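# What the coordinates show
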Amino acid sequence: MRRYFSQIWYEMRHQPLVMWISVGGTALAIFMVMVLFTVDRVSFVPAPPEDNRDRMMVGFGVDLHFENGSISSLLSDTGVKKLYSKVKGIKYLSFTNAPETKDVGSDGRIVTEMSVRGVDDVYWKMFGIRFQSGHPFTAGDVESGSRVAVIAMSRARELFNDDEVRGRTIYINQLPYRVTGVVEDVSPFFTFAHSDVWVPYRKDTPNEYSEFVGNTTPLMELESKEVIPLVKREVKARYERLNKKLGEEGSSLIYHQEPFTLAEYIGNNGNNNDPDPDSARMGTWYIYAVLLLLPAMNISSMTRSRLRRRVSEIGVRRALGATRRDILGQFLVENLVMTVAGTVAGVLFSLLFCKLYITTFFPMENAGTWQLIKGGPSFSLIFNWETLGMAAFFCLVLNILSTILPAWKASRENPAEAISGKHD
Amino acid sequence: MDVIKLEGVEKIYRTKEIETVALENVNLTVEEGEFVSVMGPSGCGKSTLLNLIGLLDNPTKGTVDLLGSSTAGMKDSGMSEFRNRNIGFVFQSFHLIPSLNVADNVALPLIYRAGVSAAECDRRVREVLERLGMSHRMKHFPSQISGGQCQRVAIARAIVGDPRIILADEPTGNLDSRMGAEVMALLHELNRADGRTIVMVTHNEEQASKTDRVIHFLDGRQII
Ligand SMILES: Nc1ncnc2c1ncn2[C@@H]1O[C@H](COP(=O)(O)OP(=O)(O)OP(=O)(O)O)[C@@H](O)[C@H]1O
Ligand SMILES: [Mg+2]
């Protein structure tokens, strides 16, 4: 065994390119799978404050067709009520406005851009956003359209240089809002729980085209994820009922399988289309497969070229008494060692990436700011040994499979011809 | 006893276009402890003969008996084991494995032999390298020692498994005359002191004249 290692080590030093490509290919594949998985996992796995990701649904919008045209838009709150209110299985129905970037300042006139999300009182029950001080705004505040706000801790400090800002005034697009509470920062990993500032949700003014068109995004938490199909069925029935009436006026609502689960919502990329989770999942599998196949192909061709350079070595070993099985075993072990080395390197890269992802990349890309977001997702949320194990396992199996054929061929070479290097 | 016995041996290399008769009706016996040299012009089939005796290739026709037993029905793994136990090879271009150091190169035949412990392997490698005066170069790689030293290491590797037959294909072909003489002296010692049977291919009349018997080949036929 020691000799295997020293021979591999010797080759690494003397054929660095070939060897590093073989090892690096595996490392890269493991790394890419981990990255993809991490990015995926970060968006879907239930974790505080979005503990309800698996049973959360979004009524994304409305697709309304007339005789002479169509509107695709967010819903009005009338529309939300007609489609989703009192649907069996929905525990909480929250009326929200999609987050917008606005100028936020304090008395001291510091003005920065922050993400401001309009929410109602139910929203605070849906998500486990933790209050450092103060409290959320009430149903009354929402009803009366009070100018009150909840602000994330780090943003409060930015504005006031102070943690205790309850009762103080912030200015959103120059309008004064009274701070009722300060919450722990929510990472932008959380599609619906994240914001810098939360204000009472703004009710729609009636729309000239249709009572369904408005500015509301309804968020729902179901009693359990098992009732998802139930809720979908009921909403579909409501579409049909509404369309019967709308048909008399010559218009109709196009049903796109709303409300969406989180996966459907993210998969749709902000479009109001029929979700297609199957093709999305297939797509992910294709990518995984390609990522794992590439290093296998790479190793297979590297193995072939390594073997070609070592035919006479194979012949000599055979002359000295190596059986075909010895030769096959030698190259399998060599590739095993390289695959393991690649896997270890891939794991290290992945760990490093996860750390960086938590602290740097993601906040940058999502918050549009360079600062670190406190309270980002925990390491265990985005790193997962099982996935790593699976990726490493498949890499190993594929690499071994791709070694077997060239190594087997090499082991069948006629020793006399191999020694003299006479072969094709 | 006949250590090597060839009867009616023929070797034909067939490719799609051409057929090369490398050996034709070769009948040859070599006795225990004999030192035989094989001579002949290039392409007359000397290496082919050694490959057949060394079980590295199969004859097209005829039989090869070694150490009194037939090799005709042997399986590939059986041939491997036979080579490992009974035959030591010395090549013109040494054929040391460049990625293994001297000690690891010499150890190869013992690694492919069942039942040799690591400790015994180390002991025998050290012993044989001491005998050939190469023990101070154990950790060197082949690229770090001279050609003459490489051939010494190759001879050490050929005898570490204590084979009764040594097949040497132009063992001095790549060496200058002084180093060639050293290698020849070594082979004679292995023949005389250990009683090993040696078949050596050479182009050197003088070397051949010092062996027990010279066999001449021409165009695949044995002429003397
Ligand atoms: N693998 C092979 N395929 C086809 N022809 C071969 C093969 N090996 C050898 N030959 C042919 O067989 C004949 C004998 O070759 P061999 O190598 O035995 O000659 P040799 O006597 O060892 O020559 P040299 O003195 O140059 O080493 C030659 O004509 C050679 O071209
Ligand atoms: Mg030859």
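All figures in this text were calculated on a predicted structure; none of them were measured in a lab.

Regarding its fold elements, chain A presents 14 helices and 14 strands. Relative to a compact globule of 424 residues, whose C-alpha radius of gyration would be 22 Å, chain A shows 30 Å and is clearly more extended. By principal-axis analysis of the C-alpha atoms, chain A measures approximately 95 × 60 × 35 Å. Burial statistics for chain A: of 424 residues in total, 49% are counted as buried.

The nonpolar side chains of a soluble globular protein tend to be buried with one another. Membership of the largest hydrophobic core comes to 50 residues, with the highest contact counts inside it found for F127(A), I129(A) and W198(A). Top contributing element to this core by residue count: helix α7 (residues 228–248) of chain A, with six residues. Residues lining this core come from more than one domain, with at least three contributed by each of domain 2 (61–94 + 205–255) and domain 3 (98–200) of chain A. If we ignore the near neighbours within four places in the chain, the residues touching F127(A) are P49(A), E50(A), N52(A), M56(A), F192(A), A193(A) and L219(A). Core analysis: the second largest hydrophobic core is formed by 48 residues, V36(B), F82(B), I97(B) and I165(B) among them.

Our focus in this paragraph is the pairing of strand β4 (residues 61–66) of chain B. All names here are of chain B. One ladder, built from five bridges, connects strand β1 (residues 2–14) with β4; its direction is antiparallel. Counterpart to K5 in the pairing with β4 is D65. Note that β4 and strand β5 (residues 69–70) share two bridges and pair antiparallel. In the sheet register, D65 faces β5, and the bridge partner there is S70. Hairpin connection from β4 to β5: two residues lie between these consecutive antiparallel strands, with L67 at a positive phi of about 50°.

This next bit is on the sheet that holds strand β13 (residues 252–253) of chain A. Residues and elements named next belong to chain A. Strand order in this open sheet of four strands is β11-β3-β2-β13, and the pairing throughout is antiparallel. Looking at the sheet topology across the chains shown, the edges are occupied by β11 (213–214) and β13. Judged from the two bridges that link them, strand β3 (residues 69–75) and β11 form a sheet pairing that is antiparallel. Looking at β11, one finds that L75 is bridged to V213.

The next point concerns the packing of aromatic side chains. Two aromatic rings are characterised by how far apart their centres lie and by the angle between their planes. Residue and element names in this part refer to chain A. Tallied over the full model, the rule gives 12 aromatic pairs over all chains. For the ring pair F31 and F349, a centre distance of 6.0 Å and an interplane angle of 65° mean the geometry is edge-to-face. Residue F31 is located in helix α2 (residues 16–44), and its partner F349 is located in helix α11 (residues 324–367); the two are separated by 318 residues in the primary sequence. For F349, a relative accessible area of 47% translates into the label partly exposed. An aromatic cluster is present here, built from Y123, W124, F127, F131, F137 and W198 joined pairwise through their rings.

Cut-offs used in this document
- Residues numbered from 1 in each chain as written.
- Chains lettered and ligands numbered in written order.
- Predicted model: local features only at pLDDT ≥ 70, side-chain atom pairs only at ≥ 80, totals over all residues.
- Heavy atoms only, no water.
- Helix = DSSP H or I, 4+ residues; strand = E, 2+ residues; numbered from the N terminus.
- Rg over C-alpha atoms; globule rule 2.2 N^0.38 Å.
- Buried < 20%, exposed > 50% of the residue type's maximum accessible area, 1.4 Å probe, protein only.
- Core = buried A, V, L, I, M, F, W, Y, C linked by side-chain atoms within 4.5 Å.
- Domains from an automatic or database assignment.
- Contact = heavy atoms within 4.5 Å.
- Pairing = 2+ DSSP bridges.
- Phe/Tyr/Trp six-rings, centres within 6.5 Å; stacked < 30°, edge-to-face > 60°.

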